[in-house]
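# Coordinate inspection notes
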Amino acid sequence: MFRARFFTACAMAVSFPVLLMAQSVDFGGLRADKTAPVEVTADSLNVDQQSGQAVFSGNVEVTQGDMHMKAAELEVFYASDKRSEITKLHATGGVTLVSPTEAAEAEEAVYDVKAGTVVMTGKVLLTQGNNVMSGNKLNVDLSTGTGTMDGRVRTLLKPAGSK
């Protein structure tokens, strides 16, 4: 009797969305070589020569290796001593981050190029195969492919063979 209840409870936990406060996630596909070139394309570019700040806007696409990001606007921050070295990218306006096996959407994202991390905030939605996770904040370490989803995390896990 106990065994039957246990298996029923396990099946229900896998079949229905799981609500958690924070959840660690393996992002094997969301990895990036932070030494690879960063290519940015957009409809327009505005550069402030004094601050060295660049703002790309309109259909912004960023590519680094197998990682691709799309947004409405992208603010690029450069090293103060090397204006050709990108230190951080701040994307806003409906951000999509895609790898060969995963995709994440959010209102904004900050990619710290030196640290090799991406922090996505605002209605985050992550898709890994058939599994879907949502929350308020997603932190990803692109070097290790690991991350954490915070802020009223909701996970939908689909067992093999389910529809």
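Residues numbered from 1 in each chain as written. Predicted model: local features only at pLDDT ≥ 70, side-chain atom pairs only at ≥ 80, totals over all residues. Heavy atoms only, no water.

The subject of this paragraph is the environment of Thr-148. Mapped onto the fold, Thr-148 is located in strand 10 (residues 146–156). Sequence-wise, Thr-148 and Val-119 are 29 residues apart; in three dimensions their C-alpha atoms are separated by 9.6 Å. (Helix = DSSP H or I, 4+ residues; strand = E, 2+ residues; numbered from the N terminus.)

Across soluble globular proteins, nonpolar side chains have a tendency to be buried as a group. In terms of nonpolar packing, the biggest core is built from 30 residues, with Met-69, Leu-74, Leu-89 and Met-120 touching the most fellow members. When sequence neighbours within four positions are dropped, the list of residues in contact with Met-69 reads Val-60, Glu-61, Val-62, Leu-74, Ala-91, Val-95, Thr-96, Leu-97 and Ala-109. (Core = buried A, V, L, I, M, F, W, Y, C linked by side-chain atoms within 4.5 Å. Buried < 20%, exposed > 50% of the residue type's maximum accessible area, 1.4 Å probe, protein only. Contact = heavy atoms within 4.5 Å.)

Turning to its location among the elements, Gln-64 is positioned in strand 4 (residues 53–64). In this structure the side chain of Gln-64 is engaged in a polar contact, spanning 2.8 Å, whose partner is the backbone oxygen of Ala-36. (Polar contact = N/O pair within 3.5 Å; in protein donor to acceptor, adjacent residues only side chain to side chain.)

What follows deals with the pattern of salt bridges. Tallied over the full model, the rule gives two salt bridges. Notably, a salt bridge pairs Lys-114 with Glu-85, separated by 3.4 Å at the nearest N-O pair. Taken together, the positions of Lys-114 in the loop between strand 7 (102–112) and strand 8 (117–128) and Glu-85 in the loop between strand 5 (67–78) and strand 6 (86–98) put the pair 29 residues apart, joining distant regions of the chain. Between Lys-123 and Glu-107 there is a salt bridge, and its shortest N-O distance comes to 3.9 Å. Taken together, the residues Lys-123 in strand 8 and Glu-107 in strand 7 connect sequence positions 16 residues apart. Look at Lys-123 and you get exposed, because its relative accessible area is 66%. (Salt bridge = Lys/Arg side-chain N within 4 Å of Asp/Glu carboxyl O.)

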